[in-house]
Amino acid sequence: MIKEKVRVKNFKIDGVCVTGQSNQTILEVAHDNDIEIPTMCHLRGLSNVGSCRMCIVEIEGRHEPIPSCTAKIKEGMEVTTSSPRIKAAREMILSMMFSERSHTCSTCVVNGDCQLQSKSVELELGHSFTPYLNQRFEVDASHKNFVNDPNRCILCTRCIRVCDEIEGAHALDLFGRGLNTRIIHDMDEPWADSTSCTSCGKCVYVCPTGALYEKDISEEEVVKKREIITELVKNRGQR
Amino acid sequence: MKKIRLGTIWLDGCSGCHMSFLDMDERLIEIAEYVDVVYSPYVDMKEFPESVDLTIVEGALSTDHDLRIIKKIRENSKLILALGDCAITGNVSAMKNLYGSEAVLQRGYFELADLNQKYPSKVVPTLLESVIPLHEAVKVDYFLPGCPTPADAIYEMLKSLIEGTEIKIHELTRFGK
Ligand code: SF4
Ligand code: SF4
Ligand code: SF4
Ligand code: FES
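Residues numbered from 1 in each chain as written. Chains lettered and ligands numbered in written order. Predicted model: local features only at pLDDT ≥ 70, side-chain atom pairs only at ≥ 80, totals over all residues. Heavy atoms only, no water.

Looking at an unreviewed UniProt entry, one finds chain B named NADH:ubiquinone oxidoreductase-like 20kDa subunit domain-containing protein, with Sulfurimonas hongkongensis as its source organism.

As annotated in an unreviewed UniProt entry, chain A carries the name Bidirectional hydrogenase complex protein HoxU and is attributed to Sulfurimonas hongkongensis. Word for word, the UniProt comment on chain A under Sequence similarities (unreviewed entry) is "Belongs to the complex I 75 kDa subunit family." Listed in UniProt under the heading Subcellular location (unreviewed entry), the comment for chain A reads: "Membrane". (UniProt positions renumbered as here; feature names shortened; annotations may be inferred.)

Next comes the structure, spelled out in structure tokens:
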């Protein structure tokens, strides 16, 4: 395999001159320089898929905003991380996440420890800009320790990635299309019957919402250990 | 100084947000110097009055009555404040949307009823097909989330409206708070 040479690139984020390596993403370089860009599907230590669009930025000369977690840096590019247009787009994206499924925070086990909920605070979303769809999905509570509630899923695919890339089990996948898409185990078996799941719980830890949670734990006790995966990967020295 | 004409109403909610309002405790006395409560569950008034400055609405819209009254409130109020998650997202009140009104009526008036099994046809308002938040029916000026909205957030909000200052709502409350 011919390895691509890594070069140093200079460019600007919000008018600040920054430097990165050609294999880095805009988000990585922004983080290295303490420039905040809101994210959702991204989790340090996992691959990036650019599915949620929360991290969109504007590039000078490009018409459409692009997700900074998947966009590689380019020499001389000028990135803007926030503008009225980006802000409005992020609010719309967040609204769609809230209205697509049933997010009743007051009855949710991760109330207070949810990254979707905290995003509404961070982006100061007052209400959903899109009407609620009121879709209902069956909850899979077959597993002895964990529950999969697609009604609170935002389809970020963190669970799929952690199971595949870190646990090496690939027990999870996406099933269906569009609004009906949901997370399944194996060939859409109940979680308890999955032969590839090792019951490690990593998917539950990384899930930003209350879609995957531990049984028999009250709202007060829930602590999602999302950074554990980042730590694990760092210690393994892979990324 | 002319007092602010304030209305408050309890639609499809649990009254928790109105309880939170009372939880402002002694600060209510302070607020009372600036407002006249012209319509509210705390006030004996049958019809929603004209020319209200601010109406605080708790609860989602679930019935034909809720829809009629929210339109009247919009016509008669300068400002509407959606108080609490039910008014803003539908919240617990909207959980039945996943099953539909028919299923809920069936359960309540047939499966769980020992005698007189039939749908109510008089006095009680008719359920809408789905419960909706206020802003899906009328324009809403302010959103103050929480389940219930904490008393401190209500106090800061009212104070800012009285004094005409800006506040950061999201530092005080959020969905599910
Ligand atoms: S998953 Fe998060 S946003 Fe959804 S209901 Fe639970 S706390 Fe609220
Ligand atoms: S518990 Fe572990 S093996 Fe099972 S689905 Fe989750 S991440 Fe994969
Ligand atoms: S179950 Fe959780 S981690 Fe998996 S896609 Fe849904 S929200 Fe993301
Ligand atoms: S964080 Fe970049 S698209 Fe989700």
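I keep staring at unusual backbone geometry and nothing clicks. Help me out?
Trans peptide bonds make up most of the peptide bonds, and negative phi angles are found at most residues other than glycine. Here the bond from Cys147 of chain B into Pro148 of chain B is cis, since omega is -5 degrees, no more than 30 degrees from zero. By the element assignment, Pro148 of chain B lies in the loop between strand 7 (142-144) and helix 6 (151-163). Despite not being glycine, Asn134 of chain A shows a phi value in the positive range, around 55 degrees. On the secondary structure map, Asn134 of chain A appears in the loop between helix 3 (115-122) and strand 6 (146-148). (Helix = DSSP H or I, 4+ residues; strand = E, 2+ residues; numbered from the N terminus.)

Could you clarify how one ought to interpret the side chain of Ser83 of chain A in this entry?
All names here are of chain A. On the secondary structure map, Ser83 appears in the loop between strand 5 (78-80) and helix 2 (84-100). For Ser83, a relative accessible area of 15% corresponds to the buried category. For Ser83, the side chain forms a polar contact with the side chain of Glu58, separated by 3.3 Å. (Buried < 20%, exposed > 50% of the residue type's maximum accessible area, 1.4 Å probe, protein only. Polar contact = N/O pair within 3.5 Å; in protein donor to acceptor, adjacent residues only side chain to side chain.)

What exactly am I supposed to notice about the side chain of His135 of chain B here?
You can see His135 of chain B is positioned in the loop between strand 6 (127-132) and strand 7. Residue His135 of chain B is classed as buried on the basis of its relative accessible area of 18%. Engagement of the side chain of His135 of chain B in a polar contact is seen with the backbone oxygen of Ser128 of chain A, the distance being 3.1 Å. Non-local contacts of His135 of chain B, meaning those with residues more than four positions away in its chain, are made with His127 and Ser128 of chain A together with Ile88, Val140 and Phe143 of chain B. (Contact = heavy atoms within 4.5 Å.)

Mind showing me how you'd approach the domain arrangement of chain A here?
Note on interface size: it is often stated as the accessible area lost on association of the parts. All names here are of chain A. Per the domain assignment, the segments of chain A are domain 1 (8-82) and domain 2 (109-237). Domain 1 and domain 2 are separated by 26 Å when their C-alpha centres are compared. At the junction of the two partners, domain 1 supplies 14 residues and domain 2 supplies 20 residues. A buried area of about 1300 Å², summed over both sides, lies between domain 1 and domain 2, and 63% of it is on carbon and sulfur atoms. Counting the surface domain 1 buries against domain 2, the share from its top three residues, Met40, Leu43 and Leu46, is 46%. (Domains from an automatic or database assignment. Buried area = accessible area lost by both parts, 1.4 Å probe.)

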